[in-house]
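# Coordinate inspection notes
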Amino acid sequence: MYKINSYGKINLSLDIINKREDGYHNIDTIMQLIDLKDILYIEENKFNNLKISCNNKEVPTDENNLVYKAWNLLKKYKENDYGLNVEIDKKIPIAAGLAGGSSNAAYFMKAINDIWKLNLSNDELKQLGKKIGADLPFFFEEGTVRAEGIGDVFSPVKNFKNINVLIVNNGYKISTEYVYKKIKPLNKNKIEKCIKTIEEGKPFKKEFYYNAMTEISAGICPQIHEIIDELYSLNASVALMSGSGSTVFALYEQEDGLNNAYNKLKNKYEFVYKTKTL
Ligand SMILES: C[C@@](CO)(OP(=O)(O)O)[C@H](O)COP(=O)(O)OP(=O)(O)OC[C@H]1O[C@@H](n2ccc(N)nc2=O)[C@H](O)[C@@H]1O
Ligand SMILES: Nc1ncnc2c1ncn2[C@@H]1O[C@H](COP(=O)(O)OP(=O)(O)O)[C@@H](O)[C@H]1O
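Presented here is a report on the structure given in the accompanying data block. (Residues numbered from 1 in each chain as written. Chains lettered and ligands numbered in written order. Predicted model: local features only at pLDDT ≥ 70, side-chain atom pairs only at ≥ 80, totals over all residues. Heavy atoms only, no water.)

## Here we look at the pattern of salt bridges
Rules: By definition here, a salt bridge exists when the distance from a side-chain nitrogen of Lys or Arg to a carboxyl oxygen of Asp or Glu is within 4 Å. The helix and strand labels rest on DSSP assignments: H or I over at least four residues marks a helix, E over at least two residues marks a strand, and numbering proceeds from the N terminus. Burial classes: relative accessible area under 20% of the type maximum marks a residue as buried, over 50% as exposed, and values in between as partly exposed (1.4 Å probe, protein chains only).
What the rule picks out here adds up to 17 salt bridges. D152 is the salt-bridge partner of K130, the closest N and O atoms lying 2.7 Å from each other. With a gap of 22 residues between them, K130 in helix 3 (residues 122-130) and D152 in the loop between strand 5 (144-148) and strand 6 (153-156) connect regions that are remote in the sequence. Under the relative-accessibility criterion, K130 is labelled partly exposed at 31%. A single network of salt bridges, built from pairs that share partners, joins D28, R146, E148 and E192.

As structure tokens, then:
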């Protein structure tokens, strides 16, 4: 049995640059790995197939699961007749802007590459992952990176690890596709300023953190604005929606500020987690 951590991500800032010929959008974002994680339990079976189980009944366990899509991409590289049973212990809220599904698929790909010695390079895995979703390539980079293109062209950012993060999600699921369909590219070119303020370190300057998707997602889930305001009233240094939402994350420079906000909100919203950047 192999036990694999499958970490989530937040977008420390997100800009939409323009719409591409292929219908996707060029984005400019700072992606940050966080210690909020699912756990994948993987073991071989003798049936040359993939069996997925999950403690969250809202996660599909058929070919719609992104792990299944990863299996379909990788199985042609294996030189054995074994299959795999994958149990997903789901902690990351679904359709939340935290890329839980993409993370599961990416960490599954890394694990199988190692377990079955497929000898695929990180870049080959990244290119395969991109076929499953635009968020997958990030999980072959990890840490803190600037992502452009559809989210697959990376440049380094000074690492931003071990920062206190409060994750607040009211359980409202938002379709990424819906938000991208509604959004007008803004290209506010604010990412450079956010990178600069990250490189300067603390104190965090909230005016430089920005998510171009917030207004669209808050249009269908107004509570996003309420949660942001509430987090600022609880002394968050930064409070911002992650990705297409509905998750809002807050950065706290001090542990006691984080603990105070957590204790005030933990019984008010469906998912409230204390975590750290990785
Ligand atoms: C918004 C972001 C920001 O990190 O994250 P989430 O909120 O999903 O976590 C990502 O761009 C989400 O990436 P991901 O969720 O993998 O998107 P995909 O499954 O590849 O695409 C879902 C749909 O979103 C649109 N899409 C996605 C990525 C992109 N750069 N441009 C797009 O227009 C496309 O219409 C696509 O059909
Ligand atoms: N392993 C998985 N974990 C979570 N959601 C998954 C998974 N595989 C497929 N899905 C589907 O993907 C959608 C949400 O994916 P997720 O990565 O959680 O969203 P987001 O990218 O917004 O964080 C949901 O519709 C869910 O049914």
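Next comes the rest of the description.
## Comments concerning unusual backbone geometry
Among all residues save glycine, negative phi is the norm, and among peptide bonds the norm is trans. Omega for the bond connecting K202 with P203 falls within 30 degrees of zero, at 5°, which places this linkage in the cis form. Position of P203 among the secondary structure elements: in the loop between helix 5 (191-200) and helix 6 (214-220). Between G245 and the following residue, S246, the backbone shows a cis peptide bond with an omega angle of 10°. Secondary-structure assignment places S246 in the loop between strand 8 (238-241) and strand 9 (248-252). Its identity is not glycine, yet N48 carries a phi of approximately 55°, on the positive side. Along the chain, the position of N48 falls in the loop between strand 2 (25-45) and strand 3 (50-54). Overall, the relative accessible area of 39% leaves N48 in the partly exposed class. Positive phi, normally seen in glycine, also occurs at N119, with a value near 60°. Mapping N119 onto the fold places it in the loop between helix 2 (100-115) and helix 3.

## Notes on the side chain of K110
Using the following cut-off: Contact between two residues is taken to exist if any of their heavy atoms lie within 4.5 Å; hydrogens are not considered.
In this structure, K110 sits in helix 2. The class of K110 is buried, set by a relative accessible area of 19%. Excluding residues that lie within four positions of it along the chain, K110 makes contacts with F139, F140 and E142.

## Topic: the packing of aromatic side chains
We apply this condition: Two rings belonging to Phe, Tyr or Trp (six-membered ring only in the last case) form a pair when the distance between their centres is within 6.5 Å. Interplanar angles under 30 degrees mark stacking, angles over 60 mark edge-to-face geometry, and anything in between is tilted. Only lysine NZ and arginine CZ atoms are considered, and such an atom sits over a ring when it is within 6 Å of the ring centre and within 35 degrees of the ring normal.
Taken as a whole, this structure holds six aromatic pairs when the rule is applied. Look at W71 and W116: their rings are 6.4 Å apart centre to centre, the planes differ by 55°, and that puts the pair in the tilted class. Of this pair, W71 sits in helix 1 (residues 66-74) while W116 is found in the loop between helix 2 and helix 3, placing the two residues 45 residues apart along the sequence. We classify W71 as buried; its relative accessible area is 4%. Members of the aromatic cluster, connected to one another through ring pairs, are Y7, Y107, F138 and F139. Positioned above the aromatic ring of Y232 is the side chain of K206, whose terminal nitrogen or guanidinium carbon lies 4.3 Å from the ring centre.

## Quick notes on the site of ligand 2
The condition is simple: Being near a molecule or strand, for a residue, comes down to having at least one heavy atom within 4 Å of it. Polar contacts here mean pairs of N or O atoms no more than 3.5 Å apart (in protein, one a potential hydrogen donor and the other a potential acceptor; neighbouring residues in sequence count only if both atoms are side-chain atoms). Here the open area of atoms and residues is found with the Shrake-Rupley method and a 1.4 Å probe, where only the protein chains shown may cover a residue. Here the nonpolar group is Ala, Val, Leu, Ile, Met, Phe, Trp, Tyr, Cys and Pro; Asp, Glu, Lys and Arg are the charged ones; every other residue, Gly included, is treated as polar.
Taken together, 19 residues lie around ligand 2, and K90, L98, A99, G101 and N104 are the ones closest in. At a separation of 3.3 Å, an oxygen atom of ligand 2 approaches a polar backbone atom of G100. A distance of 2.8 Å separates an oxygen atom of ligand 2 from a polar backbone atom of G101. Look at ligand 2: alone it shows 540 Å² of surface, and the protein chains cover 80% of it. Considering every element that reaches the shell around ligand 2, the biggest residue donor is helix 2, with four residues. The residue makeup of the shell around ligand 2, split by class, is nine nonpolar, eight polar and two charged.

## A short note on helix 3
Under the convention used in this document: Think of it as the arc spanned by the lines of direction from the helix axis to the C-beta atoms.
Every buried residue belonging to helix 3 is among L125, K126, L128 and G129, and all of these are buried. In an axial view of helix 3, the angular spread of the buried residues amounts to 165°, which keeps them on one side of the axis. On its buried face, helix 3 is in contact with helix 1, helix 2 and strand 6.

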